Amino acid sequence: MIAGWMGGKRCTYALVRCEILSCCTQQVEKAFKSMGLEFTRLVDPDPYLLVSSGGNLYDRGKFLMVIELTDGLSRLFYLASSEAPVGLEGIPTPELVLAFRVKRKEGFHSLLEIISRKKIGGIRHKHRSTLNFLMSLLGGVVFSSLMEFGNYWAGLLGTIIFALILYLILDYPFSLLYLRGVEVISTGEVRTKVFVIRLGTKGKKKG
């Protein structure tokens, strides 16, 4: 919440996988209505339609929300905005939740286009920070060991440059979004716990 007020607008993207889309849509719309949020629903939109609809959303509030529902075949998007931060209460448990700080409208358009083209998601994006850092560090060490530099400072500079380039490649498309004014401020996987309660049965007395 604090990060959202530090500059730009905050956008929350949630990906929800549903067995039956109609069941999820009922829950999402009920949650939005209970929070008093106006929303736009788009069924299987192409990138142009999603981006153009998002342009109107950007101008309406400081906190933006993009909810994607999918059953593996069809995709359904909900776009909403508000002046105050809202949570995901009442919405089916998301598989992936990402929060962004958006500083420019053009950056928000780029974010929506990347979402529409399914370039966000998967294990790599859920653990992006740790994975990218380790791969960049390892790549820099390997690069410096293979290359022969004239002095220590040249080797250090070459290692840093190589690690930075490798990080930007591994962090795509987030690295591209950052250049366009969109910063990832939180990323994670929502986990659910299932509790099983076993009820014992009392034995019957004879007689």
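Residues numbered from 1 in each chain as written. Predicted model: local features only at pLDDT ≥ 70, side-chain atom pairs only at ≥ 80, totals over all residues. Heavy atoms only, no water.

Peer 1: So, the packing of aromatic side chains: which residues are in play, and what are the values?
Peer 2: Under the counting rule described, the total for this entry stands at 4 aromatic pairs. On the basis of an interplanar angle of 40° and a centroid distance of 5.6 Å, the ring pair of Phe-32 and Phe-39 is categorised as tilted. Overall, the relative accessible area of 26% leaves Phe-39 in the partly exposed class. Ring centres 6.1 Å apart and planes at 75° place the aromatic pair Phe-32 and Tyr-78 in the edge-to-face group. Remark: Tyr-78 occurs in strand β4 (residues 75-82) and Phe-32 occurs in helix α2 (residues 21-34); sequence separation between them is 46 residues. (Phe/Tyr/Trp six-rings, centres within 6.5 Å; stacked < 30°, edge-to-face > 60°. Buried < 20%, exposed > 50% of the residue type's maximum accessible area, 1.4 Å probe, protein only. Helix = DSSP H or I, 4+ residues; strand = E, 2+ residues; numbered from the N terminus.)

Peer 1: Outline the pattern of salt bridges, supporting the account with residue identities and numerical values.
Peer 2: Throughout the structure, instances matching the rule amount to 6 salt bridges. For Glu-95, the salt bridge identified is with Arg-17, shortest N-O distance 2.9 Å. Of this pair, Glu-95 sits in the loop between β4 and β5 (96-102) while Arg-17 sits in strand β1 (residues 9-17), placing them 78 residues apart in sequence. Residue Glu-95 is classed as partly exposed on the basis of its relative accessible area, which comes to 26%. Here Glu-183 makes a salt bridge to Arg-101, at a shortest N to O gap of 2.8 Å. One end of the pair, Glu-183, is in strand β6 (residues 182-188); the other, Arg-101, is in strand β5, with 82 residues separating them in the sequence. Looking at Glu-183, the relative accessible area reads 27%, which means it is partly exposed. (Salt bridge = Lys/Arg side-chain N within 4 Å of Asp/Glu carboxyl O.)

Peer 1: I'd like a description of the pairing of β5, backed by residues and values.
Peer 2: Counting buried residues in β5 gives 7 out of 7 residues, a clear majority hidden from the surface. Here β5 shows no split at all, with Leu-96, Leu-98, Phe-100 and Val-102 on one side and Val-97, Ala-99 and Arg-101 on the other all buried. Bridging between β1 and β5 involves 7 bridges; their strand directions are antiparallel. What sits directly across from Ala-14, in β5, is Val-97. (Pairing = 2+ DSSP bridges.)

Peer 1: Lay out the nonpolar core with the relevant residues and their values.
Peer 2: If you look at the biggest cluster of nonpolar residues, it comprises 26 residues, and the most contacted ones within it are Tyr-13, Phe-100, Phe-108, Leu-111 and Ile-120. Ranked by the residues each element gives to this core, the list is headed by helix α4 (residues 105-116), at 5 residues. Core analysis: the second largest hydrophobic core is formed by 17 residues, Cys-18, Val-28, Ala-31 and Met-65 among them. (Core = buried A, V, L, I, M, F, W, Y, C linked by side-chain atoms within 4.5 Å.)

Peer 1: Any chance you could break down helix α3 (residues 47-58) for me, citing the residues and the numbers?
Peer 2: Along its 12 residues, α3 runs 16 Å from first to last C-alpha, staying within 8% of the 16 Å computed at 1.5 Å per residue. Listed in full, the buried residues belonging to α3 are Leu-50, Val-51, Ser-53, Gly-54, Gly-55, Leu-57 and Tyr-58. The elements touched by buried residues of α3 are β1, β2 (39-43), β3 (63-70), β4, β5 and α4. (Expected span 1.5 Å × (residues − 1). Contact = heavy atoms within 4.5 Å.)

Peer 1: How would you sum up the side chain of Ser-53? Please name residues and give values.
Peer 2: Take Ser-53: it is sitting in helix α3. Note on Ser-53: relative accessible area 16%, which makes it buried. When sequence neighbours within four positions are dropped, the list of residues in contact with Ser-53 reads Leu-42 and Leu-79.

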